[in-house]
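Per-entry structural report
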Amino acid sequence: MVVFLEEYVGSKYKGLATDEDTVDGQKKTEIQLNRRLLDHFRDLADSNKDTDEVDLQFLNDVLTNGADPNSADKYGQTALHEISRAWNVDVMRFFLERGADFQRADAFGVTPLHVAAALDYEEMMLFLLERQADIEACTYKDKQT
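What counts and what doesn't
- Residues numbered from 1 in each chain as written.
- Predicted model: local features only at pLDDT ≥ 70, side-chain atom pairs only at ≥ 80, totals over all residues.
- Heavy atoms only, no water.
- Helix = DSSP H or I, 4+ residues; strand = E, 2+ residues; numbered from the N terminus.
- Buried < 20%, exposed > 50% of the residue type's maximum accessible area, 1.4 Å probe, protein only.
- Contact = heavy atoms within 4.5 Å.
- Areas by Shrake-Rupley, 256 points an atom, 1.4 Å probe, with all protein chains shown as cover.
- Core = buried A, V, L, I, M, F, W, Y, C linked by side-chain atoms within 4.5 Å.
- Expected span 1.5 Å × (residues − 1).
- Polar contact = N/O pair within 3.5 Å; in protein donor to acceptor, adjacent residues only side chain to side chain.
- Salt bridge = Lys/Arg side-chain N within 4 Å of Asp/Glu carboxyl O.
- Axes fitted to C-alpha atoms, helices over the stretch in contact; angles between N-to-C directions.
- Parallel < 35°, antiparallel > 145°, perpendicular 65-115°, else oblique.
- Left-handed = near helix turned anticlockwise from the far one by under 90°.
- Nonpolar A, V, L, I, M, F, W, Y, C, P; charged D, E, K, R; others polar.

1. Re the overall build of the protein chain
Of the regular secondary structure elements, the protein chain holds 7 helices and 0 strands. Taken across its 145 residues, the protein chain has 43% of its residues classed as buried. Within the protein chain, residue pairs in contact and separated by at least 24 positions form 70% of the contacts whose partners lie at least 6 positions apart. Carbon together with sulfur atoms contributes 47% to the accessible area of the protein chain, which is approximately 8300 Å² in total.

2. Quick notes on the nonpolar core
Residues L37, F41, I83, F95 and M124 are the most contacted members of the largest nonpolar core, which totals 30 residues. When contributions to this core are tallied by element, the ones reaching two or more residues are α2 (28-47), α3 (56-64), α4 (79-86), α5 (89-97), α6 (112-118) and α7 (122-130). The dominant element in this core, judged by the number of residues it contributes, is α5, at 6 residues.

3. So, α2
Taking 1.5 Å of rise per residue, the 20 residues of α2 would be expected to cover 28 Å, and the 28 Å separating its terminal C-alpha atoms lies within 8% of that figure. Buried within α2 are the following residues: L33, N34, L37, L38, H40, F41, R42 and L44. Buried residues along α2 sit in contact with α3, α4 and α5. In the stretch just after α2, N48 is the one whose phi turns positive, near 50°.

4. Some details on the side chain of E82
Within the secondary structure, E82 sits in helix α4. A polar contact is formed between the side chain of E82 and the side chain of R85, at a distance of 2.5 Å.

5. Considering α4
Counted residue by residue, α4 has 6 buried out of 8 residues, so it is predominantly covered. Listed in full, the buried residues belonging to α4 are A79, L80, H81, E82, I83 and S84. In this structure, the buried residues of α4 make contact with α2, α5, α6 and α7.

6. Some remarks on the pattern of salt bridges
Counted according to the given criterion, the structure contains 5 salt bridges. We note a salt bridge from R98 to E97, for which the minimum N-O separation is 3.6 Å. Overall, the relative accessible area of 32% leaves R98 in the partly exposed class. Notably, a salt bridge pairs E130 with R131, separated by 3.5 Å at the nearest N-O pair.

7. Considering the packing of α4 against α5
Running from N to C, α4 and α5 cross one another at 160°; their axes reach a closest spacing of 9 Å. If you check the angle between α4 and α5, you find them roughly antiparallel. In terms of crossing hand, the pair formed by α4 and α5 is left-handed. In this structure, α4 uses A79, L80, I83 and S84 to contact α5, whose residues at the interface are V91, M92, F95 and L96. Here the contact of α4 with α5 is built from residues that sort into 7 nonpolar, 1 polar and no charged.

Right, dumping it as structure tokens:
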């Protein structure tokens, strides 16, 4: 695990993992809904076209039907980690209005604010800081804030 951690932390954030998501005692329908939510962002990241758009109606339907806005991939990364990398603040606001936790760190201590800062995404950083994102949150290995 230590070698894996070093490889992950040493590489640039590449988006949500494509294999297993965390499931912590969830029902099969919840797992499927959570996977659909995360897969939407995985598909957009794979496509990576300027014309790509987040389908808020689809996401609203998935969330209304029971998906967890804080569902995470196997590294603990949530949709907010991906949103803070590549999407506008309106998408972040959409998730926050539906109960997403912008303070939630992944398995390495990386928060959405860390992602936005690492990519110099000023508008997202300001948006998160206006909502009291923890500027002192430290990553576990490198103690980055």
